[in-house]
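Analysis of the macromolecular model
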Amino acid sequence: MNAVELRGVTLQRRTQEELTYDLKRLIFHSLTNRYRKPKRRTVLNDVTLNIAKGEKIGIIGPNGSGKSTLLKVICGILTPSAGRVTVDGRIAPLIELGAGFDPNMSVIDNIVFYGVLLGFPEGDMRERVPSILRFAELEDHSREPLKALSSGMLARLGFGIATDVHPDILLLDEVLSVGDQSFRAKSNARMQQLWTEHSTIILVSHELEFIQNACTRALWMQDGRVALLGSAAEVTASYRNSAGVPPLLPV
Amino acid sequence: MLERLTPLEGQLELPQSRAVATGLERYLDLVRILSSRTLKTRYRGSILGVYWSLSNPLLMTGIYSAIFGTAFSSYYGNSVLRYVLATFTGLAVLNIFSNTTSQALPSVVDNGGLLNKVRLPVSVFPLSIVASNAFQFAVGTLPVLCLIAAFGSRSLLNVLCVVFPALSLLLVTAGFSYIASALYVFFRDLPYMYELVLFVMWITSPIFYPIEIVPVRVRPFLSLNPLVPIISSLRQIALTHNTPDLILIGWSLLTGIVTLAIGLAVFHALRKEFMDLL
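Cut-off values and rules
- Residues numbered from 1 in each chain as written.
- Chains lettered and ligands numbered in written order.
- Predicted model: local features only at pLDDT ≥ 70, side-chain atom pairs only at ≥ 80, totals over all residues.
- Helix = DSSP H or I, 4+ residues; strand = E, 2+ residues; numbered from the N terminus.
- Buried ≥ 20, exposed ≤ 12 C-beta atoms within 10 Å, placed from the backbone.
- Contact = placed C-beta atoms within 7 Å.
- Expected span 1.5 Å × (residues − 1).
- Core = buried A, V, L, I, M, F, W, Y, C linked by C-beta atoms within 7 Å.
- Domains from an automatic or database assignment.
- Pairing = 2+ DSSP bridges.
- Axes fitted to C-alpha atoms, helices over the stretch in contact; angles between N-to-C directions.
- Parallel < 35°, antiparallel > 145°, perpendicular 65-115°, else oblique.
- Left-handed = near helix turned anticlockwise from the far one by under 90°.
- pLDDT = per-residue confidence, 0-100.
- Nonpolar A, V, L, I, M, F, W, Y, C, P; charged D, E, K, R; others polar.

Next up on the list: the overall build of chain A. A tally of regular secondary structure across chain A gives eight helices and nine strands. For chain A, buried positions account for 39% of its 251 residues. Long-range contacts, defined here as pairs at least 24 residues apart, represent 73% of the contacts in chain A between residues at least 6 apart.

In structure tokens:
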């Protein structure tokens, strides 16, 4: 059984021009017969992909090629218009640091809140609070409102909570590294630990070098389609070729 | 940036793997944590803040009574006090309804950023607004309504039965909250229109005027307002010496259930399109 299976996944979304739709215009346009059905754009086109358990797969491609959309489909934020997504195991995104923080709540409340959003029971999160505070080195600030923290402290907290998650499948949109020099070492260690420990990792990144070194396979997305799927070295090399980037010199 | 994967130097303490909350448990956790966040930021830890929510209906009751109390008292057994109590019960219902639905209206759109990052059941956002206001109603307004019922009916049965119109109010409010929050995703000018909806519901509820002054031919239209059966039932229970009218209670509960069902149906029909517009 694969960890993730995508079968002919196609996703169509309403185009951006429809985003400012309002009731007034809908009524006027219907009255004057100018109403058009919202246009749809194909964002993912017939993507088929099997990711085995324990695989580390990197997704590369130009901006707007559907990389992040693919992650959203895998973790269930977006439902495909056609095709099938099967996921075996607990899945968690390592989301953008700080999404879901509330500046007016205390640090402790934010930790619990964030954890519940990520899918953990409230009781468990309360137990985890001390160790997360210790990791983020924020024990002295636990009762302060979040807005009293510096941006570096915020990043440490976000990283501490987000990497405290232990899913079977980890989704990463760009590799994270935060904080000052001493914390950076700590966060790198935690990332490496996630890497060695988690069975399956799906990473979207523009860091070709990192993908080549850290991933077993790579997927090249182009205009919502799978352009190439193969070993990380092979895919990154041909992507570099097509993008006009000189190949990585052998170390 | 994580440069290169090298073997770990020195084992870091490992966060323990834990069970992921499932289905209903997660849903309830989310509603609880979102509504407690709403209450915390609204009242900054002071429970007294809840009673601040009574200031609006109390003030409005005072104004209506001063202006209309004498003129309309003949419809209330020549008692200005009865007019005051009838106006307050009506305003209490309308106040919780308009506050909650107006707060729920932007709840899905406001959390659009979050919905694009984490998989969440979208309906927790309007529901948590309803839950936080239900709590506020239960500790703030409901005890006052029970006191009025004790004074107005002098019967314990009537005081206990206040819970039925309160429940109906909660259902109607939840139904409207679902619809408003779903439509706002598509129509960002909805708040202006919704002001109008609230005004219509306020003026068609016989809150500060006796229903008798409305022409008989117009009255059936007033009963299209789902708050009318709730206010009628609440006044019958709290302000008369009669035992609670089961037909009025049943009618208000039915209105609540139907409104909530429509609200849920609309929300789930539109939900598929949400993510393209958030």
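This part is about the overall build of chain B. The helix and strand inventory of chain B stands at 14 helices and zero strands. Counting from the amino terminus, chain B carries its helices and strands in the arrangement α-α-α-α-α-α-α-α-α-α-α-α-α-α. Summarising its shape, the C-alpha atoms of chain B cover approximately 90 × 35 × 35 Å along the three principal directions. In chain B, which comprises 278 residues, the share counted as buried stands at 41%. Of the contacts formed within chain B by residues at least 6 apart in sequence, a portion of 78% connects residues at least 24 apart.

Take helix H3 (residues 107–118) of chain A next. All names here are of chain A. Taking 1.5 Å per residue as the helical rise, H3 with its twelve residues ought to reach 16 Å, and the 17 Å between its terminal C-alpha atoms agrees with that figure. Extensive coverage of H3 is indicated by the burial of eleven of its twelve residues. Val107, Asp109, Asn110, Ile111, Val112, Phe113, Tyr114, Gly115, Val116, Leu117 and Leu118 are the residues of H3 that are buried. Gly119 sits one or two residues past H3 and shows a positive phi near 110°.

Moving on, we get to the environment of Phe135(B). Residue and element names in this part refer to chain B. For Phe135, the position within the fold is in helix H7 (residues 124–139). Each C-alpha atom of the pair Phe135 and Leu81 lies 29 Å from the other, and the pair is 54 residues apart in sequence. Non-local contacts of Phe135, meaning those with residues more than four positions away in its chain, are made with Ser35 and Leu39.

Before going further, it helps to spend a moment on the nonpolar core. As a rule of thumb, soluble globular proteins bury nonpolar side chains together. Among the nonpolar cores identified, the biggest contains 125 residues, and Ile59(A), Ile202(A), Ile211(A), Ala218(A), Val93(B) and Val162(B) are the most heavily contacted of them. Here this core takes 14 residues from helix H10 (residues 163–186) of chain B, the largest share from any one element. Mapped onto the domain boundaries, this core takes at least three residues apiece from domain 1 (4–90 + 203–243) and domain 2 (94–166) of chain A. Those residues in contact with Ile202(A), other than ones at most four positions away along the chain, are Ile51(A), Ile57(A), Ile59(A), Leu71(A), Ile74(A), Ile169(A) and Leu171(A).

With that out of the way, let us pick up the sheet that holds strand E1 (residues 4–14) of chain A. All names here are of chain A. Ordered in space as E2-E1-E4, the three strands form an open sheet in which the pairing is antiparallel. Bordering the open sheet on either side are strand E2 (40–51) and strand E4 (82–87), each of which pairs with just one other strand. On average, adjacent strands in this sheet sit at an angle of 25° to one another, irrespective of strand direction. By the bridge criterion, five bridges tie E1 to E4 in an arrangement that is antiparallel. Each bridged residue has a counterpart across the sheet, and for Arg7 the counterpart in E4 is Arg84.

Many analyses report the size of an interface as the accessible area lost when the parts associate. Split into domains, chain A comes out as domain 1 (4–90 + 203–243) and domain 2 (94–166). Between domain 1 of chain A and domain 2 of chain A, the C-alpha centre-to-centre distance is 30 Å.

Time to look at the packing of helix H4 (residues 80–104) of chain B against H7(B). Residue and element names in this part refer to chain B. Look at H4 against H7: their axes get within 9 Å of each other, and the N-to-C directions meet at 150°. Viewed along their axes, H4 and H7 adopt a mutual orientation that is roughly antiparallel. In the crossing of H4 with H7, the sense of the turn from one axis to the other is right-handed. Between H4 and H7, the residues in contact are Ile96, Asn99, Thr100, Gln103 and Ala104 and Pro126, Ile129, Val130, Asn133 and Phe137, respectively.

Right, let's get into the pairing of strand E9 (residues 225–231) of chain A. All names here are of chain A. The pairing of strand E8 (residues 217–222) with E9 spans six bridges and is antiparallel. Looking at the pairing, Met221 lines up with Val226 of E9. Joining the antiparallel neighbours E8 and E9 is a turn of two residues, in which Asp223 adopts a positive phi near 50°.

Another point: the confidence of the model for chain B. Residue and element names in this part refer to chain B. Across chain B, pLDDT averages 87, with 91% of residues at or above 70. Here helix H2 (residues 49–52) stands out as the element of chain B with the lowest mean pLDDT, 79, in contrast to H10, whose mean of 96 is the highest. Ignoring residues within four places in sequence, the model shows residues 1–20, a span with pLDDT below 50, making 29 contacts including any to other chains. For this predicted complex, the interface confidence comes out at an ipTM of 0.81, alongside a pTM of 0.86.

Attention now moves to unusual backbone geometry. Residue and element names in this part refer to chain A. Positive phi values are uncommon outside glycine, yet Asp46 reaches one of about 50°. Of note in the backbone geometry, Glu137 takes a positive phi value of approximately 55° without being a glycine. Tracing the chain through its elements places Glu137 in the loop between helix H4 (122–136) and helix H5 (151–162).

Bringing the confidence of the model for chain A into the picture now. Caution applies to low-pLDDT parts of the model: their predicted coordinates are not meant to be read in detail. For chain A, the average pLDDT comes to 82, and 89% of its residues sit at 70 or higher. Mean pLDDT values for the elements of chain A range from 73 in strand E5 (residues 91–94) of chain A up to 91 in E8(A).

Quick look at the environment of Thr141(B) now. Mapped onto the fold, Thr141(B) is located in helix H8 (residues 141–153). Every residue in contact with Thr141(B), bar those within four places of it in the chain, is listed here: Leu54(B), Ala92(B) and Ile96(B).

Residues and elements named next belong to chain A. With their axes 9 Å apart at the nearest point, H3 and H4 run at an angle of 130° to one another. Considering their axes alone, H3 and H4 lie oblique with respect to each other. Taken as a pair, H3 and H4 cross one another with a handedness that is right-handed. From H3, Ile108, Ile111, Val112, Gly115 and Val116 reach across to H4, where they touch Glu122, Met125, Arg126, Arg128, Val129 and Ile132. In the contact of H3 with H4, the residues fall into seven nonpolar, one polar and three charged.

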